[in-house]
Amino acid sequence: QVQLVESGGGLVQPGGSLRLSCVASGSIFSINAMGWYRQAPGKQRELVAVINRSGSTNYVDSVKGRFTISRDNAKKTVYLQMNSLKPEDTAVYYCNVRGTSAVGSSTPIFDSWGQGTQVTVSS
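Residues numbered from 1 in each chain as written. Predicted model: local features only at pLDDT ≥ 70, side-chain atom pairs only at ≥ 80, totals over all residues. Heavy atoms only, no water.

Visitor: Where do I start with the overall build of the protein chain in this structure?
Guide: When its secondary structure is counted, the protein chain shows zero helices and 11 strands. For the protein chain, whose C-alpha radius of gyration is 15 Å, the value lies close to the compact-globule estimate of 14 Å for 123 residues. Along the three orthogonal principal directions, the C-alpha set of the protein chain runs to about 50 × 25 × 25 Å. Taking as baseline every contact in the protein chain between residues at least 6 positions apart, the subset at least 24 positions apart corresponds to 55%. If you average the places of the 12 positive and of the 7 negative side-chain charges in the protein chain, the two averages end up 5 Å apart. (Helix = DSSP H or I, 4+ residues; strand = E, 2+ residues; numbered from the N terminus. Rg over C-alpha atoms; globule rule 2.2 N^0.38 Å. Contact = heavy atoms within 4.5 Å. Lys, Arg positive; Asp, Glu negative; His and termini not counted. Charge placed at Lys NZ, Arg CZ, Asp CG, Glu CD.)

As structure tokens, this is what we get:
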């Protein structure tokens, strides 16, 4: 199995910054994509940002120019740098990692989720 551990959430004022981290571990042969989702109360879960194996990135329109997704392949870690935060960014943020399991694993592919970390933007 593959485990994800998230960190970096917290309470910040509008215009502030936070950096989220997500570390993957377990039966991993290769990682195809790493991304961040978020869900606010009364809202549907949405994809915030994703980075694939080639390094290509995609962002939801509402965060373009403010958020940056990056990764460290050696550490199997994905980051989300969030700048110029707005109250509407308030949500629980979830890390997602997809890839191929190591040989010997019962499942050839994996799709794992982190535990979620709360981001609150308020004066």
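Visitor: Would you explain the sheet that holds strand β7 (residues 67-72) in this entry?
Guide: What links the strands of a sheet is backbone hydrogen bonding, and the strands pair in either a parallel or an antiparallel sense. An order of β1-β3-β8-β7 is seen for the four strands of this open sheet, with the pairing classed as antiparallel. Of all the strands in the sheet, the pair left with one neighbour each is β1 (2-7) and β7. Pairwise comparison of adjacent strand axes, ignoring direction, gives a mean angle of 15° for this sheet. As paired elements, β1 and strand β3 (residues 18-26) share six bridges and run antiparallel to each other. (Pairing = 2+ DSSP bridges. Axes fitted to C-alpha atoms, helices over the stretch in contact; angles between N-to-C directions.)

Visitor: So what exactly am I meant to see when it comes to the environment of Met34 here?
Guide: Among the secondary structure elements, Met34 is positioned in strand β4 (residues 28-39). For Met34, a relative accessible area of 4% translates into the label buried. C-alpha of Met34 to C-alpha of Arg98: the two residues are 64 residues apart in sequence and 6.5 Å apart in space. Setting aside anything within four residues of it in sequence, one finds Met34 in contact with Ala49, Val50, Ile51, Ile69, Arg71, Lys76, Thr77, Val78, Asn96 and Val97. (Buried < 20%, exposed > 50% of the residue type's maximum accessible area, 1.4 Å probe, protein only.)

Visitor: How do you make sense of the layout of surface pockets when you look at a structure like this?
Guide: Over the atoms, a rolling probe the size of a water molecule traces out where space has been left empty. Taken as a whole, the largest pocket spans an internal volume of roughly 160 Å³. Here the lining of the largest pocket is built from residues that sort into two nonpolar, four polar and four charged. (1 Å grid on protein atoms, 1.4 Å probe; cavity = no way out; pocket = protein on both sides within 12 Å on 5 of 7 lines; lining within 4 Å. Points joined across faces, edges and corners; volume = space filled by probe spheres on them. Nonpolar A, V, L, I, M, F, W, Y, C, P; charged D, E, K, R; others polar.)

Visitor: I'm lost on unusual backbone geometry in this one. Help?
Guide: A negative phi holds for most residues other than glycine; trans holds for most peptide bonds. A positive phi angle is found at Lys76, which is not glycine, with a value near 50°. Locating Lys76 in the fold gives a position in the loop between β7 and β8 (77-82). For Lys76, a relative accessible area of 30% corresponds to the partly exposed category. Backbone geometry places Ser84, a non-glycine residue, at a positive phi of 50°. Ser84 gets classed as partly exposed once you look at its relative accessible area, which sits at 41%.

Visitor: Could you clarify how one ought to interpret the packing of aromatic side chains in this entry?
Guide: Any pair of aromatic rings gets described here by the distance separating the centres and the angle formed by the planes. The full count for this structure, using the stated rule, is one aromatic pair. Ring centres of Tyr37 and Trp113 lie 4.9 Å apart, and the angle between their planes is 55°; this geometry places the pair in the tilted category. Of this pair, Tyr37 sits in strand β4 while Trp113 is found in strand β10 (residues 109-113), placing the two residues 76 residues apart along the sequence. It is Arg19 that lies over the ring of Tyr79; its NZ or CZ is 4.0 Å from the centre. Across the ring face of Tyr37, the terminal group of Arg45 is positioned such that the distance to the ring centre comes to 5.1 Å. (Phe/Tyr/Trp six-rings, centres within 6.5 Å; stacked < 30°, edge-to-face > 60°. Lys NZ or Arg CZ within 6 Å of the ring centre and 35° of its normal.)

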